[in-house]
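Listed below are the residues making up each chain.
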Amino acid sequence: MSRPGGWWGRKSTPAKVETYTRWSFHFVCLSEMAAVGLPAFGQVGGRLALALSLPVIAHAALGLAVVSRSLDWTRGRRPQPLRLLWTHGALTAALAVTALAVAEHGPPGDDVDTVAGSVFGGVLCFGAGIITLGVRDRRRVLAVVGGFVAGAFLVLLLLGAPALTALGTAAIALAGAGFLAFTAVFSVWLLNAVYALDEARETRARLAVAEERLRFGRDLHDVMGRNLAVIALKSELAVQLARRGRPEAVEQMIEVQRIAQESQREVRDVVRGYRKIDLEAELSGARGVLRAAGIDCEVSGETGGLPGEVQSALGWVVREATTNVLRHGDAKKCTVSVRMPEGRVVLTVQNDGVTAPSGPAGPDGVGGSGLAGLRERLSAVGGTLTAGSVGKSAFRLVAEVPLSSAEAALEVAS
């Protein structure tokens, strides 16, 4: 059984904004039914209330379809719903004209005029606002709003309304339709901006991974390129000496064997990440990258006096943790601290914006191949790594290295 709120929690931030936008405008359409269509039954009874409310309800229902199709078009999932937009516009104009005709030539009474005026203003404002969701150009948005308002003004004049009354009614319609149109345009802009920012963050994370791969490739090339060239030259020399029966060929092959063994050791160092990494530089880089991604990052603690191998291992922890913060969750704040209690060093990375674990956890709560690699690097200096959720929306990663164990590991390695 899924936990409460799991459906919403599994959504990404852009998907949440899209869902909020979609249902906000659905609520606008439902508000048209509640504010314009249904009150007619309480003010004018009988067939007239039915004749006025049912078309308004149909108009709002069509607006729901326009909202859904227009937002899908905005996100590139469907073609622009031109026929639906024209249909909605025609129905809006027809209902507005019908409401004015009922007010001018329908049954007498203030209640009838009030209901007809409400229908006229409601369908005009809601209709123009909903249609602008399916229009991208600002000039076309202005044309939609201006066209409905100008049409309402002309129809009022044709039906015999005073010019001042027609102008005032048109101004009210302009205010209502303009507000909804502005809301629609701003909502679409905000939705597209959120998706663009999310894509930029994903691109930044992919570039970080690609840069790391290039760095590994450069390191491997630096280690193997020179050694392989020397091995090739010495092997060729040994072949020539052997053909001539010279005893120096054995010495050259011994040298080739030594260089090959040295290359194996250096490759293992590169793969395991044991080449020297400056922890202070990694902390500074993590702070810069996270802040560039819009994440507030605070770094505290001192790194001076730590052995090189400890700095290298903890530097890899900082690098992997930074990548995880960028690629997973929706972090707004990240804190990195380095503490040196007696005889050990503790690195803590904590970020918010985590809704659920990103993968299966290991025995100590650590999941994923990246964190498993960190555990291997830390184990070489006697360190440990723990990670897991803290509270409802935070994730904490703690790397701890006993300095005595790290010094002993260095002595063994040397």
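Note that this is a predicted model, so its numbers are computed, not measured.

## A few points about helix α7 (residues 138–158)
Consideration 1: The terminal C-alpha atoms of α7 lie 30 Å apart, and with 21 residues this matches the ideal 30 Å at 1.5 Å per residue to within 8%.
Consideration 2: Within α7, the full set of buried residues consists of Val141, Val144, Val145, Phe148, Val149, Ala152 and Leu156. What you see down the axis of α7 is that its buried residues fit within an arc of 110°, all on one side. Exposed side chains of α7 directed beyond 90 degrees from the buried face belong to Arg139, Arg140, Leu142, Leu154 and Leu158.
Consideration 3: Sitting at the head of α7, Asp137 places a side-chain oxygen 3.0 Å from the backbone nitrogen of Arg139.

## Considering the confidence of the model for the protein
Consideration 1: Summary statistics for the protein give a mean pLDDT of 80 and a share of 85% for residues scoring 70 or more.
Consideration 2: Across residues 356–367 the pLDDT falls below 50, and counting only partners more than four positions away or on other chains, this stretch makes 18 contacts in the model.
Consideration 3: Scored below 50 in pLDDT, residues 408–414 makes four contacts in the model with residues more than four places away or belonging to other chains.

## A closer look at the sheet that holds strand β3 (residues 344–352)
Consideration 1: Across the sheet, which stays open at both edges, the five strands sit in the order β1-β2-β3-β5-β4 with mixed pairing between neighbours. This sheet does not close on itself; its edge strands, each paired only once, are β1 (296–301) and β4 (384–390). Each strand axis lies, on average, 10° off the axis of its neighbour in the sheet, ignoring direction.
Consideration 2: Across the sheet, helix α11 (residues 308–327) is in contact with β2 (333–339), β3 and β5 (394–402); its angle to β3 comes to roughly 5°.

## Notes on the pattern of salt bridges
Consideration 1: Under the defined criterion, the tally for this structure stands at 13 salt bridges.
Consideration 2: Close ionic contact of Glu18 with Arg77 constitutes a salt bridge, the shortest N to O distance being 2.6 Å. Of this pair, Glu18 sits in helix α2 (residues 13–37) while Arg77 is found in the loop between α4 (46–74) and α5 (82–105), placing the two residues 59 residues apart along the sequence.
Consideration 3: With relative accessibility at 7%, the residue Glu18 sits in the buried group.
Consideration 4: Judged by relative accessible area, which is 47%, Arg77 ranks as partly exposed.
Consideration 5: Here Arg258 makes a salt bridge to Glu255, at a shortest N to O gap of 2.6 Å. You can see Arg258 and its partner Glu255 sitting in helix α9 (residues 248–272), three residues apart, about one turn around the helix.
Consideration 6: Assessed through its relative accessible area of 44%, Arg258 is described here as partly exposed.

## Focus: the pairing of β3
Consideration 1: Strand direction decides the pairing type here: β2 and β3, joined by six bridges, are antiparallel. For Arg339, the partnering residue across the bridge sits in β3 and is Val346.
Consideration 2: Counted between consecutive antiparallel strands, the loop separating β2 from β3 contains four residues, among which Gly343 sits at a positive phi close to 80°.
Consideration 3: Of the strand pairs in this sheet, β3 and β5 are connected by nine bridges, and their pairing is antiparallel. Residue pairing for β5: Asn351 is matched across the bridge by Phe395.

## Some points on a nonpolar patch on the surface
Consideration 1: Together, Phe182, Phe186, Trp189 and Leu190 line one region of the surface with nonpolar side chains, adding up to about 460 Å² of accessible area.
Consideration 2: Judged by relative accessible area, which is 54%, Trp189 ranks as exposed.

## Observations concerning the packing of aromatic side chains
The relative placement of two aromatic rings is captured by the distance of their centres and the angle of their planes.
Consideration 1: Tallied over the entire structure, the rule returns two aromatic pairs.
Consideration 2: Where Phe182 meets Phe186, the ring centres are 6.2 Å apart and the plane angle is 15°; that geometry is what we call stacked. Remark: Phe186 and Phe182 occur in helix α8 (residues 163–243); sequence separation between them is four residues, near one turn of the helix.
Consideration 3: On the basis of relative accessibility, which here comes to 57%, the residue Phe182 falls in the exposed class.
Consideration 4: Across the ring face of Trp73, the terminal group of Arg136 is positioned such that the distance to the ring centre comes to 4.4 Å.

The rules we used
- Residues numbered from 1 in each chain as written.
- Predicted model: local features only at pLDDT ≥ 70, side-chain atom pairs only at ≥ 80, totals over all residues.
- Heavy atoms only, no water.
- Helix = DSSP H or I, 4+ residues; strand = E, 2+ residues; numbered from the N terminus.
- Expected span 1.5 Å × (residues − 1).
- Buried < 20%, exposed > 50% of the residue type's maximum accessible area, 1.4 Å probe, protein only.
- Arc of directions from axis to C-beta.
- Polar contact = N/O pair within 3.5 Å; in protein donor to acceptor, adjacent residues only side chain to side chain.
- pLDDT = per-residue confidence, 0-100.
- Contact = heavy atoms within 4.5 Å.
- Pairing = 2+ DSSP bridges.
- Axes fitted to C-alpha atoms, helices over the stretch in contact; angles between N-to-C directions.
- Salt bridge = Lys/Arg side-chain N within 4 Å of Asp/Glu carboxyl O.
- Patch = residues over 30% accessible without salt bridge, like charges linked within 9 Å, V, L, I, M, F, W, Y side chains within 5 Å.
- Areas by Shrake-Rupley, 256 points an atom, 1.4 Å probe, with all protein chains shown as cover.
- Phe/Tyr/Trp six-rings, centres within 6.5 Å; stacked < 30°, edge-to-face > 60°.
- Lys NZ or Arg CZ within 6 Å of the ring centre and 35° of its normal.

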